[in-house]
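Letter by letter, the chains look like this.
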Amino acid sequence: MTETTNLDATIRRIVATCEEDPEHERQLALCAQWERKQIYDRARAGSEGTFMRFGIKTNPHIESRNAAAWTAARKWEPQGNLWIYGPKGTGKTFMSRWLLNEALWHGVTVGELSGIALDSLGRRFDWIDRVDTYADCRLLLLDDLDKAHWSEVGITALWWLIDQRWDKSLVTIISTNWTPEAFAQVVKLTRPDNETFAGTLMDRLSWPGKPCRRIELTGTSLRREHNPCAGLKEER
């Protein structure tokens, strides 16, 4: 109860600070590009049952570079969270969106939210209303957590989102350059006022008896190679 009360007080303080910040209006304008919530189901999919954003087919060139990781991804069942990590350009977002596409094909409602978008949305005074939609989709991709310059309010919004999904036993895929341990250190630096905040956030990525699964991708950046394969421009 004390932890929840302290968190609520922190949220109110951060919201008040955002409303007084001269940067607030700029942040509102920045968030406008994410007003169209990226939640998809079969009703919004194309004739083949896939949404264009996730219409990614398998690619032998990408898979051959991390064959064991792709085997693990194909065997993964969305009954627990998944953390996909590795150097930039090794196919993390490609793999994540392929998994979303597979789930979408089987009638699962999926969503995608980038770390930059979540941090920026978190700066809004009505961030809970805007982030709430992502708390309910059955499978959510949180992409590029390492790309955001995490603010105190952004990390708080991330905590709230993961906590809501943990409470509902909804599956989340995280794609980032960072290992879970490295990201926990980022959270600690962002919220030095709360010693238990990072541990609580990371604990909620695991369910009872179902720890967060890890898949590591390795190698050099695919974007540096001359490769005609479609979809690599959006690959992370």
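Details of the structure are given in the entry above.
Residues numbered from 1 in each chain as written. Predicted model: local features only at pLDDT ≥ 70, side-chain atom pairs only at ≥ 80, totals over all residues. Heavy atoms only, no water.

1. Considerations on the overall build of the chain
- Of regular secondary structure, the chain possesses ten helices and six strands.
- Counting only residues that meet the buried cut, the chain has 52% of its 236 residues in that class.
- Summarising the internal contacts of the chain: among those between residues at least 6 apart in sequence, 85% fall at separations of at least 24.
- Taken as a whole, the chain presents about 11,900 Å² of accessible surface, with 52% of it coming from carbon and sulfur. (Helix = DSSP H or I, 4+ residues; strand = E, 2+ residues; numbered from the N terminus. Buried < 20%, exposed > 50% of the residue type's maximum accessible area, 1.4 Å probe, protein only. Contact = heavy atoms within 4.5 Å. Areas by Shrake-Rupley, 256 points an atom, 1.4 Å probe, with all protein chains shown as cover.)

2. Quick notes on the nonpolar core
- The biggest cluster of nonpolar side chains holds 34 residues, and the ones touching the most others in it are Leu142, Leu158, Leu161 and Phe183.
- Those elements that provide at least two residues to this core are β2 (82-85), α6 (115-122), α7 (127-132), β4 (139-143), α8 (152-167), α9 (180-190) and α10 (197-203).
- No other element matches α8, which puts eight residues into this core.
- Apart from residues no more than four positions distant in its own chain, Phe183 is found in contact with Trp83, Leu145, Trp150, Ile155, Leu158, Trp178, Leu201 and Met202.
- Ranked by size, the runner-up nonpolar core spans 25 residues in total, among them Trp70, Trp98, Leu139 and Ile215. (Core = buried A, V, L, I, M, F, W, Y, C linked by side-chain atoms within 4.5 Å.)

3. Things to note about the environment of Ser96
- Mapped onto the elements of the fold, Ser96 is located in helix α5 (residues 92-105).
- On the basis of relative accessible area, Ser96 is assigned to the buried category, the value being 0%.
- It is 9.9 Å that separates the C-alpha atoms of Ser96 and Leu140, two residues lying 44 residues apart in sequence.
- When residues no more than four places from it in sequence are discounted, the contact partners of Ser96 are Ile84, Leu141, Ile173 and Ser175.
- Polar contacts involving the side chain of Ser96 include one to the main-chain carbonyl oxygen of Lys92, which spans 2.8 Å. (Polar contact = N/O pair within 3.5 Å; in protein donor to acceptor, adjacent residues only side chain to side chain.)

4. Describing the packing of aromatic side chains
- Under the defined criterion, the tally for this structure stands at seven aromatic pairs.
- Aromatic side chains Trp127 and Trp160 sit 5.8 Å apart centroid to centroid with 90° between the ring planes, which places their arrangement in the edge-to-face category. Residue Trp127 is found in helix α7, and its partner Trp160 is found in helix α8; the two are separated by 33 residues along the sequence. For the pair shown, Trp127 and Trp160 are each scored as buried.
- Each residue in the set Trp83, Trp150, Trp178 and Phe183 is aromatic and connected to the rest through ring pairs, giving one cluster. (Phe/Tyr/Trp six-rings, centres within 6.5 Å; stacked < 30°, edge-to-face > 60°.)

5. Points about the pattern of salt bridges
- Enumeration according to the criterion identifies ten salt bridges in this entry.
- Salt-bridge contacts for Glu112 lead to Arg97; the nearest nitrogen and oxygen are separated by 2.8 Å. You can see Glu112 sitting in strand β3 (residues 110-114) and its partner Arg97 sitting in helix α5, a full 15 residues away along the chain. An identical accessibility class is assigned to Glu112 and Arg97; each is buried.
- Notably, a salt bridge pairs Arg191 with Asp193, separated by 2.9 Å at the nearest N-O pair. (Salt bridge = Lys/Arg side-chain N within 4 Å of Asp/Glu carboxyl O.)

6. Considerations on the side chain of Ser151
- Within the secondary structure, Ser151 sits in the loop between β4 and α8.
- On the accessibility criterion, Ser151 (13% relative accessible area) is buried.
- Setting aside its immediate chain neighbours within four residues, Ser151 contacts Asp119, Arg123 and Thr190.

7. Points about α8
- Its 16 residues place the ends of α8 22 Å apart at the C-alpha level, agreeing with the 22 Å of an ideal helix rising 1.5 Å per residue.
- Considered for burial, the residues of α8 that qualify are Val153, Gly154, Ile155, Thr156, Ala157, Leu158, Trp159, Trp160, Leu161, Ile162, Asp163 and Arg165.
- A positive backbone phi angle near 55° is found at Ser169, which sits one or two residues after α8. (Expected span 1.5 Å × (residues − 1).)

8. Description of unusual backbone geometry
- The phi angle at Asp144 is positive, at roughly 55°, despite the residue not being glycine.
- Positionally, Asp144 belongs in the loop between β4 and α8.
- Of the residues examined, Asp144 reaches a relative accessible area of 7% and is grouped as buried.
- Positive phi, close to 55°, is recorded for Ser169, a residue that is not glycine.
- Tracing the backbone through its elements, the reader meets Ser169 in the loop between α8 and β5 (171-176).
- With relative accessibility at 47%, the residue Ser169 sits in the partly exposed group.

9. Considering the pairing of β5
- Among the six residues of β5, six are classified as buried, and the element is accordingly described as predominantly covered.
- With burial as the criterion, each face of β5 is covered, one bearing Val171, Ile173 and Ser175 and the other bearing Thr172, Ile174 and Thr176.
- In terms of strand pairing, β2 meets β5 through four bridges, oriented parallel. By the bridge assignment for β5, Leu82 is matched with Ile173. (Pairing = 2+ DSSP bridges.)

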